[in-house]
Amino acid sequence: MGHANKQFESLGIAVLTVSDTRDRSTDTSGEYLAVNATESGHQVIKRDIVIDDIYLIRACVSAYIADPAIQAVIVTGGTGFTSRDSTPEAVQPLFDKEVEGFGELFRYLSFKEIGTSTIQSRAISGLANNTVIFCLPGSTNACKTAWTGIIEAQLNGAHGPCNFVPHLQTNEALRCASRAV
């Protein structure tokens, strides 16, 4: 991936919950991700809930990756095998590069917790417009596994030997670019 820049930099994060049934009061997974991102020193710029519809999901994520204030997107929900689960199909076409190892590592960590049931997770990750996108299962435990086992470290510029921060547009670089337009 990229070399660590050896210092923490607060990133702008969007959290998107994909669910046909949850609202803000019942969205424990989105709440967990937003709280932990903030506690880790990042800024949650957007937090939304959208029904499991391929085009609504894609529209939300597209808006996030076009927003210069957002460097990371975390999507929770819609990664299973029910007829309504469509997060991977919605998001994968947006990737400039896929992070193949994310899903593999997530399922490895999850296997230690839930055994072979982890095979039903279609967790994915990729980079689009210098924004990293993580798509996670909708369970709060799965979000905890992904956050503590992978995402928190990969969004920390001090984490070595490498992390995603050098690949992301920083707020300052984007502010300069938008002033030049």
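As recorded by an unreviewed UniProt entry, the chain carries the name Molybdenum cofactor biosynthesis protein B and is attributed to Alteromonas alba. Listed under Pathway (unreviewed entry) in UniProt, the entry text for the chain is "Cofactor biosynthesis; molybdopterin biosynthesis." Per its UniProt entry, the chain bears the Function (unreviewed entry) comment "May be involved in the biosynthesis of molybdopterin."

**Things to note about the packing of helix H4 (residues 100-114) against helix H5 (residues 140-154)**
In the contact formed by H4 and H5, the axes pass within 10 Å of each other and the chain directions differ by 120°. With respect to H5, the axis of H4 lies oblique. Considering how the two elements wind past one another, H4 and H5 form a crossing that is right-handed. Counting all contacts with H4, which are made through Phe-102, Leu-105, Phe-106, Leu-109, Ser-110 and Glu-113, the residues of H5 involved are Asn-141, Ala-142, Thr-145, Ala-146, Gly-149, Ile-150 and Ile-151. For the contact of H4 with H5, the residue count by class is eight nonpolar, four polar and one charged.

**Brief notes about the sheet that holds strand S7 (residues 131-136)**
One open sheet accounts for six strands, arranged S3-S2-S4-S7-S6-S5; its pairing is mixed. The sheet terminates laterally at strand S3 (43-50) and strand S5 (97-98), the two strands that pair on one side only. In terms of strand pairing, S5 meets strand S6 (residues 124-128) through two bridges, oriented antiparallel. Among the inter-strand pairings, Glu-98 is bridged to a residue of S6, identified as Gly-126. Against the sheet, helix H1 (residues 28-39) engages strand S2 (12-18), S3, strand S4 (72-76) and S7, with an angle of about 175° to S3. Contacts from H4 reach S5, S6 and S7 within the one sheet, and its direction differs from that of S7 by about 35°.

**Digging into the pattern of salt bridges**
Within this structure, the stated rule accounts for five salt bridges. Taking the shortest distance from any N to any O, the salt bridge between Arg-47 and Asp-27 comes out at 3.1 Å. Linking Arg-47 in strand S3 with Asp-27 in the loop between S2 and H1, this pair joins segments that are 20 residues apart in sequence. With respect to burial, Arg-47 and Asp-27 carry one shared label: buried. One salt bridge in this structure joins Arg-122 and Glu-89, with 2.6 Å as the shortest N-O distance. Here Arg-122, found in the loop between H4 and S6, pairs with Glu-89, found in helix H3 (residues 87-91); they are 33 residues apart in sequence, far enough to count as distant. Looking at Arg-122, the relative accessible area reads 18%, which means it is buried. Residue Glu-89 is classed as partly exposed on the basis of its relative accessible area of 35%.

Calculation rules
- Residues numbered from 1 in each chain as written.
- Predicted model: local features only at pLDDT ≥ 70, side-chain atom pairs only at ≥ 80, totals over all residues.
- Heavy atoms only, no water.
- UniProt positions renumbered as here; feature names shortened; annotations may be inferred.
- Axes fitted to C-alpha atoms, helices over the stretch in contact; angles between N-to-C directions.
- Helix = DSSP H or I, 4+ residues; strand = E, 2+ residues; numbered from the N terminus.
- Parallel < 35°, antiparallel > 145°, perpendicular 65-115°, else oblique.
- Left-handed = near helix turned anticlockwise from the far one by under 90°.
- Contact = heavy atoms within 4.5 Å.
- Nonpolar A, V, L, I, M, F, W, Y, C, P; charged D, E, K, R; others polar.
- Pairing = 2+ DSSP bridges.
- Salt bridge = Lys/Arg side-chain N within 4 Å of Asp/Glu carboxyl O.
- Buried < 20%, exposed > 50% of the residue type's maximum accessible area, 1.4 Å probe, protein only.

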